[in-house]
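Here's the letter readout for the chains.
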Amino acid sequence: MPRARSELAFLETVTDTDAYFCVGKNIAKIDAVDKVTAKAKYLEDMKFEGMLHARVVGSKVPHGIIRRIDLSEAKKVPGVIDFITSKDVPGENLIGYIPEMPVLATDRVRYYAEPIVLVVARDPESALEGSNKVRIEIEPLPMLVDPLQSFQTRVTLIHQESGSNIAFNMKISKGDAKTVLEKAAVVVKGEYKIAPRDHGYIERESAIGIPEEDGGVTVITQQQNPHVVQRNVARVLSIPTDLVRIVQPFIGGSFGGKNDMGIVLASQVALATHKLKRPILLHYSREESLERHSKSESAIIEYVSAASAEGDLLAAKVKVIIDSGAYATRSPSVLWRTAAQITGPYEVPNVELEGYCVYTNKVYVGAFRGFGGTTAAFAAESQMDALASKLGMSPLELRLRNILRTGSIATTGQRIDDGIDFERTLQELARSADWSGKRQLNAGQESSVRRGIGVGCSWHGIGIGWGSPSKEKGKIVDWSSANVIVGEDAKVTIQTGIVEMGQGTNTALAQVASEILGLPVNMISVRTGSSVWPETGGTHASRGLTHGGLAVAKACRDLKAIVLRIGAEQLDCDVENVTMVSGEIRNVTTHGAMSWNEAVSIAHKKEMPLNISARVEIPREEFDPETGTGQAFLTYSFSATIAEVQVDTLTGEVKATKLWPAVAAGKIVNPAIAEDQVIGGTIFGLGTALMEEVLFDSKGRVANGSFSTYLLPTMADVPEIANPLFIEDVSKYGVYGAKGIGEVIPSSIPPAISSAIYNATGVQMTELPITKERVWRMLKYGTTATGERVELEESVSRCR
Amino acid sequence: MPLVKASLLFPASKERLELEAGTILDVIKAFVRVCGDGVRKYFYLDSGDFNGATFVTINGKLFTIREAKKIPLTDGDIVFLGQVIDGG
C-alpha cells in the first residue's frame, strides 16, 4: 500500500481509498437535512423580543470632507429611535484586516456609499424613511477612479499623509531576468486588465447585536474569522475581548466577501447595541450590498516573457497594479498572492516583479474566491499561449514541457517538496477531452462562426502566506486549534473556529473524526464559526479542511489513545493489541470486544478527561520579503481546464460549449462535495471569463448595482461540464493528504476560454471579462480599448 | 514620553499594550520584551533589517516599519502592527 509520511508525525496518509473507514467516502453533508427541511435558520429568520432595525446612511460623494450632519428631519419620522455617528464610538474607530477604515466616517469620506450614520428604528420601514431624511453636507474633494492616474499623481491624495496613492508595494527578484530577456530567442509582451467582480452571494449581509448583562455584546453575523471579528468589535467598543461573543448562523454563500464584511457589520451593529442596550438587526438591501461591500481586485498587468527556441521558459518581467479602492485592508495580501503565483504552475528561472496597490475613490477590495490567483492565472496563461504561437508549438506541449514537478523551483524560488502530480493531471485531461483530435478539426475554419479549443492552468498556494509566530517555539507557523469532547451520551463534539459557509467543511471535519475514532458520522457533531470555540485562523486561503482539520485529527488521536487504554485494561491486554473499529474496541488477538459507549461510560465513571484540546503548528521555511523569495506557501493545489467555445466573428458573441475541469488537490476526503466544489467553481470561473464586471461611473459609484445589471451566469449560460478529473497528489501538509479545492478551479476557467477563443479566431483577448463587445472590437480593431471613460448610461447598456 | 495604545494583529502572548513610546521602535521593543522572541521575526529579518512584510498603522494611517520609525508618536495615538501577507 503506498504511503506518504507526513512531517506531522501523527498524520499518516494512505492513498488506497479502500483502506479508509470514512475518508474518501460520499457522506451526505451533515447539515443537508436541516437545510432542505428549512430547519436551518439564517440570520433573516431570527427574531428577538424588542428587536430594533438599523440602516446605514452612506456618502453621496466619493471623496470629501464632512461639514455637517443634519438629523432634524429624520428625528421627526415616527418610529425612529436614535442615530449613531462616529461620535458614539467609545473605543477605536478603526476596523479591517489593516485597521485603516472607520466604522463610521468621522471627517472625511473616500468612496461613494461609505457609511456615516446608522439610523435605528422600531421597524425596517421607519429606519428606511429616517435614513432618507438624514442630510449630510460634504465638501467635495478631487476624486480618482482610474488606478493609473492615481498611481502617477502626487496632487490628489486619498490618504493625504502618505505622500502618494501607493498603499503598498513589493517585488520579487529571482535570478537575472533583465539580462536573459535581452538575449532570449523568443520574447512576448502582453498587457492585461482584470475587472473587479462581485461575490454574488444570494444571502445579503446581516448582523444582529444582542446586549448582555455583563456589559458585553453578542453578535450573530456571517463571517469567516470569528476571533478577528471579535477583536475588532472589542476595540471599537473599548471592552475586554471576552465580553464580545461572535456567533455564526447558517451562511448563504460568501466566496470571500463575508470575510471582510463580517467585521464591518458586526462592528456597526455592536456599536448601536452597546449604546441602546436593545437587540438590533442591521441588514443590507441588495442595492446597498452591491454598492457597499468589498469587491474582487481589479488589476493591470504588464508582462514580458522569454523562452528558448526549444520552448524552455527562461524569464518573466512583470509589473502589477492592483486597484485597492479607498482602503488597503486586503489588497496587499491579494497583490502578494498574485505576485507569488504570477508565472503560473511552471518553472521560470528568472523572475523580476514589481507590484503596487493603489488607492482610488471606489469601494475597497476584499477577499474574493481565488484571491488574486485568477488575475495571475489569466496573465500567465495568456503569455503561455502567446509564446506557444510564436514558437510554433501546441499550447499543451509548451505547458507540459515547463510544468512544475516535485523538486521544481517555483516563482519565488521555493523548491516544491510536496508530492505533486500536475503533469499527469494535464496529460489525462488532454486525453479525456480529445485535445489533439479537436485541435486538428478546428484548423482552417473559414465560416463566420468558429469553434475553438483551449487550455488553462492554475495553481493556488494553500494556507496563510506568511504564517504566524508560534506561541512557544519562536518560529513562524501555520496552525489550527480544536477541542474534541465526548458527552455522557458517548457522542463526540468537535469545536473549532473554522467557519462553514456551505462549502462542506463541517462534514469533512466529521469524516476526519469518524476515520480516527472508528465511529459513524452521526455520532459526531461539529460546532464551528463562533468566537467561543478555539481560535484557528480564518476560513480562507483554502485552509479550512487542510489545516483546520489538523487540530481535529490531533485531538481525535489523543482521545483515541485514552479510549484504547481503557479498552486494553478492560480486555486484559496490552494497548498495542487493541484497535478501534466501527464503534468497538477490539482485542486483535482474542477478538474480545467492548463498545465505544461502554468505554466512554467507564471513562466518565473514573472521571478520566474526555475533553481534548489540540493545537497543531506547521513550521514554515524562510521567506525574504525584501527580494520576494523563499517559501511562499506550504503547498499548492493545481487545476487545469480544457474549454471548447464557439465564436461568432460578426457579433463577437462567445458561447462556451463544453468545459473539462481537472484538479490535483491532494486526497479527496469527500468526493461528492469535491465534485460540487469543482462544478460550482467552474461556473464561478465562467462568470469571471465572460460576463462579470462591476462598473463604476465617473463619480466612482457602482453603476450596475443590481442582479438585473450585474450579470451572473444562470443555468442557461452553463455549458456541458464533463465529470471532473481528480488526481490525488497527496500532500504531507494537509490532513489525510488533502489540499484545498475551492479556490484553484475558478482560476483555470478564464484562461481556458480565452485560449479557446484564440484557437478559434487567431486573436488573443487581454481583458476580463471577455464580453462580446470586447471580442468584436478586438476582431475589428485589434484592441478592446474604447478610449472613453465609462459613463453610467453606457455602463448599464453594456451589461445586457 | 507619550502614552499610546498598541495592538498586534497576529496571535501572541499579549496582543494589546498601553505604553509610553516615543516612536514605533519603542512599541516594537515593548512587544518583543512582553511576548518573547516569537514575535521578533515579524519586525526584523535575520539580517537585522526591518521586515517589509509587516505594516504599521498610526491612527489609521498605513506605513511600513521603515516609514513609521521616523514618525514621532503623540499622546493617545492608536498603533497597530500586523502582517501584510495574510489570508486569501
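Note that this is a predicted model, so its numbers are computed, not measured.

### Concerning the interface of chain A and chain B
Thought 1: Of the residues lining the interface, 36 residues belong to chain A; the matching set on chain B comes to 30 residues.
Thought 2: Looking at the side of chain A that touches chain B, the elements that each hand over two or more residues are strand S9 (166-174), helix H9 (331-340) and strand S19 (468-469) of chain A.
Thought 3: Ranked by the residues each element gives to the side of chain A that touches chain B, the list is headed by H9(A), at four residues.
Thought 4: Partitioned by chemical class, the residues of the side of chain A that touches chain B number 17 nonpolar, nine polar and ten charged.

### What about the environment of Ser447(A)?
Thought 1: Counting through the fold element by element, Ser447(A) comes out in the loop between helix H13 (435-442) and strand S18 (449-462).
Thought 2: Separated by 71 residues in the primary sequence, Ser447(A) and Gly518(A) place their C-alpha atoms 61 Å from one another.

### Concerning the confidence of the model for chain A
Residue and element names in this part refer to chain A.
Thought 1: Looking at chain A, pLDDT values average 94 and 95% of them are 70 or higher.
Thought 2: Between residues 1-6, whose pLDDT stays under 50, and residues either more than four places distant or in other chains, the model counts 18 contacts.
Thought 3: In this model, residues 787-800 is a region of pLDDT below 50 whose contacts with residues beyond four sequence positions or in other chains number 18 contacts.

### Re the sheet that holds strand S7 (residues 115-121) of chain A
Residues and elements named next belong to chain A.
Thought 1: Sheet architecture is open: seven strands sit in the order S5-S7-S3-S14-S11-S12-S13, paired in mixed fashion. In this open sheet, the two strands that pair with only one neighbour each are strand S5 (80-84) and strand S13 (244-247). In this sheet, adjacent strand axes meet at a mean angle of 25° when their direction is disregarded.
Thought 2: Judged from the six bridges that link them, strand S3 (residues 52-58) and S7 form a sheet pairing that is antiparallel. Bridging from a neighbouring strand, Val 57 pairs with Val 117 of S7.
Thought 3: Against the sheet, helix H6 (residues 226-237) contacts strand S12 (217-221) and S13, and its axis sits at roughly 145° relative to S13.
Thought 4: The sheet strands contacting helix H7 (residues 257-276) are S3, S5, S7, strand S11 (206-211), S12, S13 and strand S14 (280-283), and the helix crosses S11 at an angle near 30°.

Calculation rules
- Residues numbered from 1 in each chain as written.
- Chains lettered and ligands numbered in written order.
- Predicted model: local features only at pLDDT ≥ 70, side-chain atom pairs only at ≥ 80, totals over all residues.
- Contact = placed C-beta atoms within 7 Å.
- Helix = DSSP H or I, 4+ residues; strand = E, 2+ residues; numbered from the N terminus.
- Nonpolar A, V, L, I, M, F, W, Y, C, P; charged D, E, K, R; others polar.
- pLDDT = per-residue confidence, 0-100.
- Pairing = 2+ DSSP bridges.
- Axes fitted to C-alpha atoms, helices over the stretch in contact; angles between N-to-C directions.

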